[in-house]
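Structural description and commentary
Given next are the chains, with one letter for each unit.
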Amino acid sequence: MRSLKALALALAVTGGAGLQPITARPAIAAEDGTSGLPVPRFVSLKADKVNVRNGPNKDHDVSWVFNRAGLPVEVTAEFETWRRIRDADGAEGWVYHSMLSLRRTALVAPWLKGETVPMRDAPNTDAKVVARLEPSVLGVVKTCDGKFCRLIGDGFDGYVQQSQLFGIYPNEKVE
């Protein structure tokens, strides 16, 4: 109660001059060591070599190793500084948080076999096809409007239907 009275007195004396409004800040980390970010969410691998473990600490065995930076994975749980992730094949395991990036990437239809996915010059199904992408081509997600995403990669830049990408949720918007 005293601090409220002191604040009221300070406001009365100064007329509020020099006071800045308090703005909400996003949570950087929760008290339990987790990120405070929504779960589930898509992220990407930060390094070319990322160990995936059976449990959330270094005492657990390595189940497998990712060997390609930039691959999208879905964070399905958090425990302190460890993240349980799921890859495009549905495999799950635990990785240390610093091995993950918030950079949004996507794989083109990794579930397709023997087909290609059209990339268009505008975000609609009537737009000109500028490329045909093989399944599992990796690209950086620039924007998504809920139906199409602008995807950029080595030698390509265009729009792909969002439903043909692993690394972005259906109807999700990315700016």
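All of these numbers come straight from a predicted model, not from anything done at the bench.

About the thresholds
- Counting starts from 1 at the beginning of each chain's written sequence and moves along it residue by residue.
- Thresholds applied to this predicted model are a pLDDT of at least 70 for local features of residues and 80 or more for the giving and counting of side-chain atom pairs; totals over whole chains, interfaces and linings are not thresholded and use all residues.
- Excluding hydrogens and water, the side-chain figures rest on all heavy atoms present in the structure.
- Per the convention used, a helix needs a DSSP run of H or I reaching at least four residues, while a strand needs a run of E reaching at least two, with both numbered from the N terminus.
- Counted as a polar contact is a pair of N or O atoms within 3.5 Å, where, for protein atoms, one must be capable of donating a hydrogen and the other of accepting one, and residues adjacent in sequence contribute only when both atoms are in side chains.
- The contact criterion used is simple: two residues touch if any of their non-hydrogen atoms lie within 4.5 Å.
- Put simply, buried Ala, Val, Leu, Ile, Met, Phe, Trp, Tyr and Cys residues joined by side-chain atoms within 4.5 Å make one nonpolar core.
- When a residue's accessible area, from a 1.4 Å probe over protein chains only, is under 20% of the maximum for its type it is buried; when over 50% it is exposed; and in between it is partly exposed.
- Any Phe, Tyr or Trp ring, taking Trp's six-membered ring, that has another such ring centre within 6.5 Å forms a pair; planes under 30 degrees apart are called stacked, those over 60 apart edge-to-face, and the others tilted.
- Whenever a pair of cysteine sulfur atoms sits within 2.5 Å, that pair is classed as a disulfide.
- The pLDDT value tells you how sure the predictor is about a given residue, anywhere from 0 up to 100.

Residue position: Arg53 is located in strand 2 (residues 50-53). Engagement of the side chain of Arg53 in a polar contact is seen with the backbone oxygen of His60, the distance being 2.7 Å. Beyond its immediate chain neighbours, meaning those up to four positions away, Arg53 contacts Lys58, His60, Asp61, Val62, Ser63, Trp82, Gly93 and Trp94.

Attention now goes to the environment of Ala109. Relative to the helices and strands, Ala109 resides in the loop between strand 8 (105-108) and strand 9 (117-120). A C-alpha to C-alpha distance of 8.2 Å links Ala109 and Glu134, two positions 25 residues apart in sequence. If we skip the residues at most four places from it in the chain, Ala109 touches Val117, Pro135, Ser136, Gln164 and Leu165.

On to the nonpolar core, then. Core analysis: the largest hydrophobic core is formed by 16 residues, its most contacted members being Val108, Leu133, Leu151, Val160 and Leu165. Among the secondary structure elements, those contributing two or more residues to this core are strand 8, strand 9, strand 11 (138-145), strand 12 (148-153) and strand 13 (156-161). Beyond its immediate stretch of four places on either side in the chain, Leu151 contacts Ala106, Val108, Met119, Leu133, Gly139, Val140, Val141, Phe156, Asp157, Gly158, Val160 and Leu165.

Looking now at the packing of aromatic side chains. This model, assessed by the stated rule, comprises four aromatic pairs. Between Phe42 and Tyr169 the ring centres are 4.6 Å apart and the planes differ by 45°, which places this aromatic pair in the tilted class. Residue Phe42 is located in strand 1 (residues 41-45), and its partner Tyr169 is located in the loop between strand 14 (165-166) and strand 15 (173-174); the two are separated by 127 residues in the primary sequence. Ring geometry for Trp64 versus Phe66: centroids 5.8 Å apart, planes at 75°, classification edge-to-face. With a relative accessible area of 24%, Trp64 lands in the partly exposed category. Classification of Phe66 by relative accessible area gives buried; the value is 8%. The rings of Phe42, Phe166 and Tyr169 are connected pair by pair, giving a single aromatic cluster.

The subject of this paragraph is the state of the cysteines. Per the counting criterion, the structure on display carries one disulfide. At a sulfur-sulfur separation of 2.0 Å, the disulfide partner of Cys144 is Cys149. Sign of the S-S torsion, about 110° for the bond between Cys144 and Cys149, identifies this disulfide as right-handed. A relative accessible area of 7% places Cys144 in the buried class.

Attention now goes to the confidence of the model for the protein chain. Looking at the protein chain as a whole, the pLDDT averages 87, with 82% of positions reaching at least 70. pLDDT under 50 marks residues 1-27. Its contacts with residues more than four places away, or in other chains, come to four contacts.

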